[in-house]
Amino acid sequence: MALNTLEFECKAEAASVRLAAPVHYGVVGSGDLEVILEPRDLEGAVTVKITTPVAGFDAVWRKVLETFVNRAKLADVAIDINDNNASPAVVSMRLQQAFAETAA
Amino acid sequence: MDTLIGQGLVALEMIVDPGSFARDRVGAKEFTDESYGPGAVVGTATLDGQTVTVIASDAEAFNEKFPVVYAGIIGMEEGYKMASAVYATLAADRDAPASAKRPIVLIVDTPGNGPGKVEEIFGMNKATGAYQLALAEARAAGHPIVAAVIGRAISGAFLCHGLQADRIVALDAKFGTMIHVMPLTSVSRIIKKNIEVLEELSKSNPVFAAGPQFFHKLGGVEEVVPEIADLRSVVIRQVAALRVAKAKGEATGPVGRAVLGAARGGRVTRPQVAAKMAAEFAAVADKYRPQSA
Amino acid sequence: MANWSKLQTRSFLESSARDRAIGLVDEGTFTELAGPFDRMSSPHLVALGEAVEFDDGVVTGVGRIGKRPVFVISQEGRFIGGAVGEVGGAKMVTTIDLAIGFADELRAANPKIAPDELPLVAISFETGGVRLHESNAGLLAHAEVMDAFQRARGKVPVVALIGSRIGCFGGMGFVAAATDVIVMSEFGRLGLTGPEVIEEEMGKDEFDASNRALVYRTTGGRHKYIMGDCNFLVDDRIAAFRGQVTELCKLPVGDFEQFRRIGSAALVEKQMRAVALAAEMQPKDAYDVWRRAGNNDPAGLGDAPVDDFRKQAQRLSV
């Protein structure tokens, strides 16, 4: 019954955007999530860790995260997510909002 | 006798010196209105020869003015009556040194706080809050406060009447002692987790299951009393131990129970959080000092 | 991070715990303690397979208003209804302890320190009390917070801010009542027993929990203002709460006793007079008490804009 943890690594095709500082965004409401983006020396890669009560959506998570990382051209970032049943659309939106915070 | 539930007054007489309990009198204060807060019993007794204030719930009383108050429920009148008894205790020993302040014994058997509409309109939360603040003040002033859980110590009512004591002792679960926020069956329904799973988990984690043994492991109860016949001697011993502990400045009350919770391995995250925050604040404290200094 | 100036105009009701905390203190002065990057989430939720939050639903930290260090606790209602567990409870207690310790330290270093250079604690409540997933630890944490308040008496003022969705109920209802000052918006709710539980106890005829107007006039900010249970009723903006706290920051700690509703023998006597009135009146509705306080048109007053309400409302005196 323990929480599920999903961890993987991905690499943007044109990885070039690095973060100056870590950022946290969101609240783990029902159907929502929070995310931390932290700069980390990963030889250009991005690591992802997702903690969620929902099992069995590994492929969906991977797809949503890869799309985000590619669009944002992220490099050398550790992404850490606490999820509570967020839909893929919400996940996408929160990631973009978190990323927008890094520019603010 | 296999339970003391609903028999707070019987328990009271068993704990204090025989025949010594004088109801409705604490120091100079007399509680003359019998219809006021009948669910709360306050008075003065001797315990092994020492003068003590005693506060209990009367499960047989019914408050005619506030009909949600019965079976030991603490209503608005009851909460303020209990608070008054504590302030009267403080006043009685105002000039006594900390080491000579009279003990306060709480006999705990209460299923809840008054849950009504009138209670919400007038603020039930204040009545129970008032009693807790009074107990915390008396504890800090030096009065040794021992709570003896002899029946039900449920959620907010236990917060109100019990959890501000220096030390808490509870009768063993075999006497039907209930200490919880909610029974596990209700927890299971509300958090939507299977009851069998919760029961299994509670064997290794005492944090949500009901019963004195779990609170003991969390440091929320200092001592489990094995037999009803031991109650009196345990309370006497705890009062004596508290005199020593308080003179030494040892942590008692909620802070002491937090220390105990860590020592017993029941609440180990709490001190980690506290240490982390203290370290983080120390690193930035200079920013928050007066700039002129 | 949200733009501080924009936060000021934001609805307090709609704001997250973190935005409320940041917006309450002076721009750029908030340092979060045990923040999300520390990842101190609840081990008990993990064991139950429940979603966790990096800050366990409570934002804690320190900022400044003028010269005053302001220690902030802000509860997040969207995470498990703002319910308090071991970690969140420890964060609350430790914040108050740090404020007390800092006050002691500053006074020891400079006995003549100006009153407005000493710490204050502000708590933005949004909670139903104990988190059932870790109920025993949550209950014990409540007792610790209450004890910390009593230890703070005369050293560090404690201000309650209530104007968020969940309101402030359960054990945290006692805790809020035990603070020095309570500031609410009309959307804030404060009590012990939530509306659903009252309905269950008394029946739908006596109390219909789905009747929002009834719920608000029983525990809402306007009612609590008339009862004297909240000291100040402010607009639903972060700037309004901040403005009230800024005013309070000018006062020395000793002046805060005047705002208290409970916490002394004399105050208990006063509350007993209020309870005697409750017994005598047996009000069917909060508006009965509004009328008794001298408000001849309670319904009109209840519907009036909050500015007019503040000007016209007669508060109960006992």
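Residues numbered from 1 in each chain as written. Chains lettered and ligands numbered in written order. Predicted model: local features only at pLDDT ≥ 70, side-chain atom pairs only at ≥ 80, totals over all residues. Heavy atoms only, no water.

(A) Representation of the layout of surface pockets in the model. By volume, the largest pocket is sized at about 1,700 Å³. Lining the largest pocket are 48 residues, with M182 of chain B together with G128, G170, G194 and V197 of chain C sitting closest to its centre. Elements with a contribution of two residues or more to the lining of the largest pocket: α5 (155–160) and α6 (184–191) of chain B together with α6 (171–177), α7 (195–202) and α8 (212–219) of chain C. Per element, the largest residue contribution to the lining of the largest pocket is 5 residues, and it comes from α7 of chain C. (1 Å grid on protein atoms, 1.4 Å probe; cavity = no way out; pocket = protein on both sides within 12 Å on 5 of 7 lines; lining within 4 Å. Points joined across faces, edges and corners; volume = space filled by probe spheres on them. Helix = DSSP H or I, 4+ residues; strand = E, 2+ residues; numbered from the N terminus.)

(B) Fine view of the UniProt feature "modified residue: O-(phosphoribosyl dephospho-coenzyme A)serine" (unreviewed entry) in chain A. In the UniProt entry, the feature "modified residue: O-(phosphoribosyl dephospho-coenzyme A)serine" (unreviewed entry) is given for S30 of chain A. Summarising the element assignment, S30 of chain A is placed in the loop between β2 (23–26) and β3 (32–39). A relative accessible area of 73% means that S30 of chain A is categorised as exposed. Those residues within four positions of S30 of chain A in sequence are excluded, and the remaining contacts are N84 of chain A together with R78 of chain C. (UniProt positions renumbered as here; feature names shortened; annotations may be inferred. Buried < 20%, exposed > 50% of the residue type's maximum accessible area, 1.4 Å probe, protein only. Contact = heavy atoms within 4.5 Å.)

(C) Main features of the interface of chain C and chain B. The partner chain B presents 78 residues to the 92 residues of chain C that form the contact. A buried area of about 7,200 Å², summed over both sides, lies between chain C and chain B, and 68% of it is on carbon and sulfur atoms. Here chain C and chain B share 9 salt bridges between them. The salt bridge partner of K276 of chain B is D38 of chain C, with a shortest N-O separation of 3.8 Å. Across the chain C-chain B interface, the total number found is 32 residue pairs in polar contact (both at pLDDT 80 or more). The greatest single-element share of the side of chain C that touches chain B, amounting to 12 residues, is contributed by helix α5 (residues 135–152) of chain C. Looking at the side of chain C that touches chain B residue by residue, the class counts come to 46 nonpolar, 24 polar and 22 charged. (Buried area = accessible area lost by both parts, 1.4 Å probe. Salt bridge = Lys/Arg side-chain N within 4 Å of Asp/Glu carboxyl O. Polar contact = N/O pair within 3.5 Å; in protein donor to acceptor, adjacent residues only side chain to side chain. Nonpolar A, V, L, I, M, F, W, Y, C, P; charged D, E, K, R; others polar.)

(D) Geometry of the packing of helix α4 (residues 86–109) of chain C against α5 of chain C. All names here are of chain C. One can describe the packing of α4 onto α5 by two numbers: an axis separation of 8 Å at closest approach and a directional angle of 10°. With respect to α5, the element α4 is oriented roughly parallel. Contact residues: α4 offers E86, G89, M92, V93, I96, D97 and I100, while α5 offers A137, A141, E144, V145, A148, F149, R151 and A152. Residue classes in the contact of α4 with α5 are distributed as 10 nonpolar, 1 polar and 4 charged. (Axes fitted to C-alpha atoms, helices over the stretch in contact; angles between N-to-C directions. Parallel < 35°, antiparallel > 145°, perpendicular 65-115°, else oblique.)

(E) Quick peek at the sheet that holds strand β5 (residues 77–84) of chain A. Residue and element names in this part refer to chain A. In space, the 5 strands of this open sheet follow the order β1-β4-β5-β3-β2, with mixed pairing throughout. Every interior strand has two partners, whereas the edge strands, β1 (4–10) and β2, have only one. Strand after strand, the sheet turns through a mean of 15° between neighbouring axes, direction not considered. As defined by bridge partners, β3 adjoins β5 across 8 bridges and the pair is classed as antiparallel. Pairing of D32 across the sheet is with N84, part of β5. (Pairing = 2+ DSSP bridges.)

(F) Quick peek at the nonpolar core. Formed by 139 residues in total, the largest nonpolar core has its most connected members in L106, F122, F158 and F281 of chain B together with F125 of chain C. The element contributing the most residues to this core is α4 of chain C, with 11 residues. (Core = buried A, V, L, I, M, F, W, Y, C linked by side-chain atoms within 4.5 Å.)

(G) Fine view of helix α9 (residues 231–247) of chain B. For α9 of chain B, spanning 17 residues, the distance from its first C-alpha to its last is 24 Å, which sits close to the expected 24 Å at 1.5 Å a residue. One or two positions beyond α9 of chain B, positive phi appears at G249 of chain B, with a value near 75°. (Expected span 1.5 Å × (residues − 1).)

(H) Inspection of the sheet that holds strand β3 (residues 68–75) of chain C at higher detail. All names here are of chain C. The strand order β1-β2-β3-β4-β5-β6-β7 describes an open sheet built from 7 strands, whose pairing is mixed. The outermost strands of the open sheet, each flanked by one partner alone, are β1 (31–33) and β7 (232–234). Each adjacent strand pair in this sheet contributes to an overall mean axis angle of 25°, direction not counted. Sheet topology note: the β1/strand β2 (residues 58–65) ladder contains 3 bridges and is antiparallel. Across the sheet, the residue bridging to T31 is V62, located in β2. The strands touched by α4 are β1, β2, β3 and β4 (120–125); relative to β3, the strand with the most contacts, the crossing angle is about 170°. Across the face of the sheet, helix α10 (residues 238–249) comes into contact with β2, β3, β4, β5 (158–162), β6 (181–185) and β7 while running at roughly 160° to β6.

(I) Region of the structure containing the pattern of salt bridges. According to the stated counting rule, one finds 51 salt bridges over all chains in the structure shown. One salt bridge connects E105 of chain C with R289 of chain B, and the closest N-O pair in it is separated by 2.5 Å. Of this pair, E105 of chain C sits in helix α4 while R289 of chain B sits in the segment after α11 (269–284), placing the two residues on different chains. A single salt-bridge network, built from bridges that share partners, covers E38, R40 and D80 of chain A together with R39 of chain C.

(J) Inspection of the packing of helix α4 (residues 124–141) of chain B against α5 of chain C at higher detail. Contact pair α4 of chain B / α5 of chain C: the axes reach a minimum separation of 9 Å and the direction vectors enclose 60°. In terms of crossing hand, the pair formed by α4 of chain B and α5 of chain C is right-handed. From α4 of chain B, G129, Q132, L133, A136, E137 and R139 of chain B reach across to α5 of chain C, where they touch M146, D147 and Q150 of chain C. (Left-handed = near helix turned anticlockwise from the far one by under 90°.)

(K) View of the environment of K73 of chain A. All names here are of chain A. Within the fold, K73 resides in the loop between α1 (58–72) and β5. For K73, a relative accessible area of 37% corresponds to the partly exposed category. Setting aside residues up to four positions removed in sequence, K73 forms contacts with A12, A14, A15, S16 and V17.

(L) Representation of the environment of N125 of chain B within the structure. Following the sequence through the fold, N125 of chain B ends up in helix α4. Owing to a relative accessible area of 2%, N125 of chain B belongs among the buried residues under this scheme. For the pair N125 of chain B and G79 of chain B, spaced 46 residues apart in the sequence, the C-alpha separation amounts to 9.5 Å. With near-sequence residues (within four places) excluded, N125 of chain B lies in contact with G173, F174, A177, L190, G191 and L192 of chain C.

(M) A look at the pairing of strand β4 (residues 46–52) of chain A. Residues and elements named next belong to chain A. The element β4 is extensively covered by neighbouring structure, given that 5 of its 7 residues are classed as buried. Two elements, β1 and β4, share 7 bridges in a ladder whose sense is antiparallel. Across the sheet, residue T5 finds its bridge partner in β4, namely T51. When β4 meets β5, the two strands line up parallel, connected through 6 bridges. Paired with I50 across the bridge in β5 is I81. Following the backbone out of β4, through α1 and into the adjacent parallel β5, one traces a crossover that is left-handed. (Right-handed = clockwise from strand over helix to strand, strands pointing away.)

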